[in-house]
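The primary structure of each chain is shown beneath.
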Amino acid sequence: MAAPETSTAAVPTLHTNNTVRNAFGGVLSFFILLLIGVLAFSIRLFSVIKYESVIHEFDPYFNYRVTQFLTKKGIYDFWNWFDDRTWYPLGRVIGGTVYPGLTLTAGTIWWLLNSLNIPLSVETVCVFTAPIFSAFASWATYLLTKEVKGAGAGLTAAVLLAMVPSYISRSVAGSYDNEAVAIFALIFTFYLYIKTLNTGSLFYATLNSIAYFYMVCSWGGYTFIINLIPMHVLLCIVTGRYSSRLYIAYAPLVVLGTLLAALVPVVGFNAVMTSEHFASFLVFIIIHVVAFVYYIKGILSPKMFKVAVTLVVSVGLAVCCAVIAVLIALVASSPTKGWSGRSLSLLDPTYASKYIPIIASVSEHQPPTWPSYFMDINVLAFLVPAGIIACFLPLTDASSFVVLYIATSVYFSGVMVRLMLVLAPAACITSGIALSEAFDALTGSIKFQLPGVSTDAEVDAGETSSDTTEAQNDEVKAEKPEETSKDRRSKKSKKKEREHVERPSAKAKVKTKAEKKRLLALPLEASAVSLLLLIVLGAFYVVHCVWAAAEAYSAPSIVLTSRSRDGLHVFDDFREAYSWLRHNTDVDDKVASWWDYGYQTTAMANRTVIVDNNTWNNTHIATVGTAMSSPEKAAWEIFHSLDVKYVLVVFGGLVGYPSDDINKFLWMVRIGGGVFPHIKEPDYLRDGQYRIDSQATPTMLNCLMYKLSYYRFVETDGKAYDKVRRTEIGKKYFKLTHFEEVFTTHHWMVRIYKLKAPKNRIRGKTKKSKSKTSSSSSSKTSGTKKKNPWH
Amino acid sequence: MEAPIRAAQFLGFTVFFLLFCVCRSSPLHNLLISNAERRIDLTSHIVKVYLTLKVENAGSTPTSEILLAFPPTQVDHLATVEVLVTKGKRKKTTLVRLDVKPTELPDAPNGTKYFTIYLANPLNSGESMTLEVLYLFTHSLEPFPAEIGQSESQLVYYRDSALILSPYHIKQQATFVKTPSTKVESFTRVEPTNRAGTEMKYGPYEDRPPYSFSPILIHFENNSPFPVVEELVREVEISHWGNLQVTEQYTLVHGGARHKGVFSRVEYQSRPTLSGTSSLRYLLARLPPRVHSVYYRDEIGNISSSHLRTDSRKSELEIEPRYPLFGGWKTTFVIGYGLPLQDFLFESSDDRRYLNFTFGCPLLETVVDKLTVKVVLPEGSKDPSAVVAFPVEQHLETKYSYLDVVGRTVVVMEKKNLVPSHNSHFQVHYTFKPIFMLAEPLMLASAFFLFFVACVAYLHIDLSIRK
């Protein structure tokens, strides 16, 4: 990444003294970048060291399974993969519904290593993909910030990004999820956009659309790019900053980028047909109109131009109305009726909780709380405003982009916790700029106050402080090689010169600089103290990030540990259950569980599941939710009609594992009730309270989930005390008639039940039993047909 | 006159020829067993039979081959046969192992299979000697009932003959059967039969002709788990940088009575003595001393329930499967460990090196249905040859590991039906020049060198078209 840096440093210039300093600065920043990469990689290894090299959580297991398929069967089978192990009996077209970027990246890395005869397993490659790409992301941040505010700010931003907790939470080793590569792609796309904007080079514009293509491959968050860049273009046009560079930066991106995006099967025609993309097309039209106007303005005399404007405006208004009408018609007729549910909930934060319980039930789709900002970006939250101010001094095309980026991402992060991830790079960039500018001012004034010992102070500051100051210290040096590089390249393009003018700090001559500094100089003590305070602030940040990486975000969540007085205790129940399913059930058996465990079951147990974390079919999930909230007999009928052989429930009551199925149960009721109206949420609540003790409603105490969770639980301690709910359960002694316990893990966290085979029908008896069930389930008056959607 | 003489001559020749044939092909009628004692140990799932034979040469010619006979049903489960003979005087007796090989005889009644014992010194006529025979059967205990619930105990059938199957006349014989507990449901009586505590005695029986057979069926309780490794692949990778890396991939199954119906964790945890007594809770692997970096995992990650105890003579790895194994339940796992190379690799006199390593499965009391041992020799080694104490199938493979160019030679040895007594040492001889050790470091160094040269070249050459 920093190769050009060293290259320019190595070029001999006329001033020998400067050359040495330049070379030194270049090499230094190269090594700093290398160390930043190492830091970004190694801070994410806490999970491997504390736990083991294993894939984390839920979605990564799916990605891992897809990668395994890719490496085993090859790319063509991957595109055509119809997965019959999930969503039984529907199945899922994986190749057409998955963002393939992550899988292809890891698959390529694996293939490359294996062709070099380095026999790493697919799992190992998958585990370490995220840390590797976070190193790339911090280098991309360096490049982006360098384009905006120079190398010093770049290095500072890169350091900040390397260890920002928000990003760590999604990219620790083992967290093999789309975001791991997507954040790199996002920053790199922005960098190439800014680079194109600064240089006006068509080469970078092409690279930009390829980077955008990679982003589209990787993550659904690409819509952020395709909306943010048009917004910036619009901003530039409105503020009168239109230039041919802007045109070069934007027009190829829309044309090439949209064409490339349509190549990705999961996007396909959505790239031109959904409302998320319309902003870019609108701005595409506007920029052409503006370009045309500028062109006309250039060839016509001012008087003629005025006449032309009045002519065009009157005709144009009519055309505009027609176009808008067509657009509205298009939006109304597009397949998704405009916006997808997740996008809509971005615009209207209350949308999901009102209409789509399945989106609202996911914790990462909830709006964040204030502490989570401090947790995830820590001191950056205070530095961001300063960075925004620094971006306005002076406001360039590039820095206005950063301001726009931070403003929009702050809004989006306020809507969904998950999008905090998009905020993190923006916060790092602005904070990097803020820190860099502050250090620049402070060290500059110290240098000015102490002309004799300036170099010593500089060195001291560099040695005593953390990377941040070192980066800062370097900035003065690093900026000069850039200057020489500009000199070298300025022969090639005059655009560079313009950029130079926009950067007073780089261009200013020594004399004017000194004069300026005298004006800006702060008292020696004040600057020393504030320097110290900034270093302390940075140290706080580092401490917090290391803590977050080591303690908060490194747990793989499939294996839990707890520290007690007699040492570390490991809860490996999930894998125990999955391993049991894998080896001791028939390969074609279907396992029903709540959708959270779908990906893990297919990946680790290799068994067919009814629903999984992809949640594409709400009705199917509602069916499982209905079964879980129905009484035993009705549930058995639903499961039997789905050909389910085993039912898996997660139960934390014995060891106090809070995110178990009983705690998620209300969502099952809500989602089930959303499709099958005989399931009513109030039936499960006593006076609006969700409880499982003796005050619980009979519907609750008779539902399948309750029974499967607490079956024979009373025999463990005699009282049936649930450690999660901190209460004794309501119904302690009961028998299962249609299910039998076939496996319970060591800490009871996973319980697996088998559906009993249907009893032989005996003439005369069937009627009796039927009438019995209908009388027992008194609340279900809507008839048996509605209870079971598959009959 | 001529005719009778001729007839007598012819007869004489014929008799002589017949006699010769009999002497050559089978010295069956020459030998007899004066006393035989058999002890059958049924305490674990590997059936151990100790047979003491006192063989007498009643014929006129010395013989050096003695036959052991097995019914065809047993020979499929026969894992190993060992024959020892005592040598020396009364006080200085040493046991000498004799060669045993399976033999085919043309006129074997009812498909009887034979093993031939080759004596070191021929047994002269009139002499007698005592042979100690040990043979092991696997998969010979048939669970009955074949499916049991969690709290039931495991009952098994054992089928054998009360009389020792032998091609020779046995003058006197007795069979002792040892069961793991006093709980014996039923057993066939072949008088005289006694039962006392955990031991049953069949016999003594006198003067039984060759191929006497009297089937018996013993139905008894055996609550020991039946750990059966269906397939084990051991890969031993030699690195001349000082490490021997062993990776063992197990497919383990509980070979006892199949588990039926419910598995209740609450019963299993609260009443461990009553519930799931025959379940397989843990396994013990005996590893060589000075073992390091041991891991125990399966395809979905590390398994945290294992303990390693090391001392100067041996290392013991106690492993628990992810879940207790009931009858018929399966699991797979991988054990890996590193060993110091100097403990196992030696140089032989002819400038060759050889690896000396144990063949069998390190798990105690375990039957291995199919074992594959792969010895990965370092890249550049030549002329591999393996020496194993018992017959195995061998072939060579090539494996590509870290940055290999020509690949590593892999000596693959396969054997079926193994018991712990197969844990003898085997040797793999090969030639290797130490210069090959430097190949990969040099390759890496040159690759980096070329990379830097390319960088330098790129920086010093201006490729731009415009000046």
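Source: prediction; values computed, not measured.

Rules of the game
Residues numbered from 1 in each chain as written. Chains lettered and ligands numbered in written order. Predicted model: local features only at pLDDT ≥ 70, side-chain atom pairs only at ≥ 80, totals over all residues. Heavy atoms only, no water. Helix = DSSP H or I, 4+ residues; strand = E, 2+ residues; numbered from the N terminus. Rg over C-alpha atoms; globule rule 2.2 N^0.38 Å. Contact = heavy atoms within 4.5 Å. Areas by Shrake-Rupley, 256 points an atom, 1.4 Å probe, with all protein chains shown as cover. Lys, Arg positive; Asp, Glu negative; His and termini not counted. Charge placed at Lys NZ, Arg CZ, Asp CG, Glu CD. pLDDT = per-residue confidence, 0-100. Pairing = 2+ DSSP bridges. Axes fitted to C-alpha atoms, helices over the stretch in contact; angles between N-to-C directions. Buried area = accessible area lost by both parts, 1.4 Å probe. Salt bridge = Lys/Arg side-chain N within 4 Å of Asp/Glu carboxyl O. Polar contact = N/O pair within 3.5 Å; in protein donor to acceptor, adjacent residues only side chain to side chain. Domains from an automatic or database assignment. Nonpolar A, V, L, I, M, F, W, Y, C, P; charged D, E, K, R; others polar. Core = buried A, V, L, I, M, F, W, Y, C linked by side-chain atoms within 4.5 Å. Buried < 20%, exposed > 50% of the residue type's maximum accessible area, 1.4 Å probe, protein only. UniProt positions renumbered as here; feature names shortened; annotations may be inferred. Parallel < 35°, antiparallel > 145°, perpendicular 65-115°, else oblique. Left-handed = near helix turned anticlockwise from the far one by under 90°. Patch = residues over 30% accessible without salt bridge, like charges linked within 9 Å, V, L, I, M, F, W, Y side chains within 5 Å.

**A closer look at the overall build of chain B**
Next, step 1: If you tally the helices and strands in chain B, you get four helices and 31 strands.
Next, step 2: The C-alpha radius of gyration of chain B comes to 30 Å, more than 25% above the 23 Å expected for a compact globule of 467 residues.
Next, step 3: Overall, chain B is about 130 × 75 × 50 Å in size when its C-alpha atoms are taken along their principal axes.
Next, step 4: The long-range share in chain B, meaning contacts at least 24 apart out of those at least 6 apart in sequence, stands at 74%.
Next, step 5: Accessible surface, chain B as shown: approximately 23700 Å² in total, 57% of it carbon and sulfur.
Next, step 6: The centroid of the 48 positive side-chain charges in chain B is displaced by 3 Å from the centroid of its 48 negative side-chain charges.

**Focus: the environment of A:His738**
Residue and element names in this part refer to chain A.
Next, step 1: Residue position: His-738 is located in the loop between strand S9 (727-728) and strand S10 (739-744).
Next, step 2: Between the C-alpha atom of His-738 and that of Leu-755, which follows or precedes it by 17 residues, the distance is 6.2 Å.
Next, step 3: Filtering out sequence-adjacent residues up to four positions away, His-738 remains in contact with Glu-632, Lys-633, Trp-636, Lys-754, Leu-755 and Lys-756.

**A closer look at the confidence of the model for chain A**
Residues and elements named next belong to chain A.
Next, step 1: For chain A, per-residue confidence averages 82 on the pLDDT scale, and residues scoring 70 or more make up 82% of the total.
Next, step 2: For the stretch residues 454-509, pLDDT sits under 50, and the model shows 83 contacts to residues farther than four places along the chain or on other chains.
Next, step 3: For the stretch residues 767-787, pLDDT sits under 50, and the model shows 13 contacts to residues farther than four places along the chain or on other chains.

**Observations concerning the sheet that holds strand S24 (residues 330-340) of chain B**
Next, step 1: An order of S21-S20-S24-S17-S16-S27-S30-S29 (chain B) is seen for the eight strands of this open sheet, with the pairing classed as mixed. The sheet is open, and its two borders are formed by strand S21 (301-302) and strand S29 (393-399) of chain B, each paired with just one other strand.
Next, step 2: The sheet contact formed by strand S16 (residues 227-239) of chain B and strand S27 (residues 367-376) of chain B spans eight bridges and is parallel. Among the inter-strand pairings, B:Glu235 is bridged to a residue of S27(B), identified as B:Lys374.
Next, step 3: The strands touched by helix H31 (residues 573-584) of chain A within the sheet are strand S20 (292-298), S21 and S24 of chain B, with S24(B) carrying the most contacts at an inclination of about 115 degrees.

**A few points about the interface of chain A and chain B**
Next, step 1: At the interface, 32 residues of chain A touch 31 residues of chain B.
Next, step 2: For the pairing of chain A and chain B, the buried interface totals around 2700 Å² over both sides, and the portion due to carbon and sulfur atoms is 51%.
Next, step 3: Our count for the contact surface shared by chain A and chain B stands at five salt bridges.
Next, step 4: A salt bridge links A:Asp572 to B:Arg322; the shortest N-O distance between them is 3.0 Å.
Next, step 5: Inspection of the region where chain A meets chain B yields 20 residue pairs in polar contact (both at pLDDT 80 or more).
Next, step 6: Secondary structure elements with two or more residues in the side of chain A that touches chain B: H31, helix H38 (714-717) and S10 of chain A.
Next, step 7: Top element by residues in the side of chain A that touches chain B is H31(A). It accounts for seven residues.

**Comments concerning the domain arrangement of chain A**
Note on interface size: it is often stated as the accessible area lost on association of the parts.
Next, step 1: In terms of domains, chain A is made up of domain 1 (189-338) and domain 2 (568-755).
Next, step 2: The C-alpha-based centres of domain 1 of chain A and domain 2 of chain A are spaced at 50 Å.

**Focus on the domain arrangement of chain B**
Residue and element names in this part refer to chain B.
Next, step 1: As assigned here, chain B comprises domain 1 (31-221) and domain 2 (227-440).
Next, step 2: Placing a centre on the C-alpha atoms of domain 1 and another on those of domain 2 gives a separation of 32 Å.
Next, step 3: In this assembly, 22 residues from domain 1 lie in contact with 29 residues from domain 2.
Next, step 4: Where domain 1 abuts domain 2, roughly 1800 Å² becomes buried across the two surfaces, and 50% of that area is made up of carbon and sulfur atoms.
Next, step 5: For the pair domain 1 and domain 2, the interface holds zero salt bridges.
Next, step 6: If you look at where domain 1 meets domain 2, you find nine residue pairs in polar contact (both at pLDDT 80 or more).
Next, step 7: Those elements that place two or more of their residues in the side of domain 1 that touches domain 2 are strand S4 (78-87) and strand S9 (147-148).
Next, step 8: It is S4 that provides the largest number of residues to the side of domain 1 that touches domain 2, a total of three residues.
Next, step 9: Residue composition of the side of domain 1 that touches domain 2, grouped by class: eight nonpolar, 10 polar and four charged.

**A look at the nonpolar core**
Next, step 1: Counting residues in hydrophobic clusters, the biggest one holds 245 residues, and the most contacted among them are A:Phe190, A:Phe639, A:Phe739, A:Ile752, B:Phe359, B:Val375 and B:Met413.
Next, step 2: Tallying contributions element by element places helix H24 (residues 420-449) of chain A first for this core, with 14 residues.
Next, step 3: For B:Val375, the contacting residues outside a window of four places in its chain are B:Val236, B:Ile238, B:Leu355, B:Thr409, B:Val410, B:Val411, B:Met413, B:Phe426 and B:Val428.
Next, step 4: If you look at the next biggest cluster of nonpolar residues, it comprises 52 residues, including B:Leu42, B:Val81, B:Leu119 and B:Leu141.

**Describing the UniProt feature "domain: STT3/PglB/AglB core" (unreviewed entry) in chain A**
Next, step 1: The sites that UniProt annotates as "domain: STT3/PglB/AglB core" (unreviewed entry) are residues 588-647 of chain A.
Next, step 2: Annotated as 50% helix and 12% strand, the span residues 588-647 of chain A places its first and last C-alpha atoms 14 Å apart.

**A short note on the pattern of salt bridges**
Next, step 1: Inspection of every chain in the model, using the stated rule, returns 46 salt bridges over all chains.
Next, step 2: The shortest N-O distance in the salt bridge between A:Glu179 and A:Arg418 comes to 3.5 Å. You can see A:Glu179 sitting in helix H11 (residues 178-199) and its partner A:Arg418 sitting in the loop between helix H23 (397-415) and H24, a full 239 residues away along the chain.
Next, step 3: Between B:Lys183 and B:Glu221 there is a salt bridge, with the nearest N and O atoms lying 3.8 Å from each other.

**Side note on the packing of helix H8 (residues 122-149) of chain A against helix H9 (residues 151-162) of chain A**
All names here are of chain A.
Next, step 1: Here H8 crosses H9 at 150 degrees, and the two axes come no closer than 7 Å. Compared by their axis directions, H8 and H9 come out roughly antiparallel. The element H8 and its partner H9 pack so that their crossing is right-handed. Every residue of H9 that contacts H8 at Ala-137, Ser-138, Thr-141, Tyr-142, Thr-145, Lys-146 and Lys-149 is listed here: Ala-151, Ala-153, Gly-154, Leu-155, Ala-157, Ala-158, Leu-161 and Ala-162.

**Concerning a nonpolar patch on the surface**
All names here are of chain A.
Next, step 1: Side chains of Leu-234, Val-238, Leu-282, Ile-285, Ile-286, Val-289, Val-293 and Tyr-294 sit close together on the surface and give an oily, nonpolar patch of about 670 Å² of accessible area.
Next, step 2: Among the secondary structure elements, those contributing two or more residues to the nonpolar patch are helix H13 (222-238) and helix H16 (278-299).
Next, step 3: When residues of the nonpolar patch are assigned to their parent elements, the largest contribution, six residues, is made by H16.
Next, step 4: Along the chain, Val-293 turns up in helix H16.

**Examining the pairing of strand S10 (residues 155-161) of chain B**
Residue and element names in this part refer to chain B.
Next, step 1: Within S10, six of the seven residues are buried, which leaves it mostly tucked inside the rest of the structure.
Next, step 2: Sheet topology note: the strand S8 (residues 141-143)/S10 ladder contains three bridges and is antiparallel. Residue pairing in the sheet places Pro-143 in a bridge with Val-156 of S10.
Next, step 3: Bridge count between S10 and strand S15 (residues 215-221): seven bridges; the pairing is antiparallel. Looking at the pairing, Arg-159 lines up with Leu-217 of S15.

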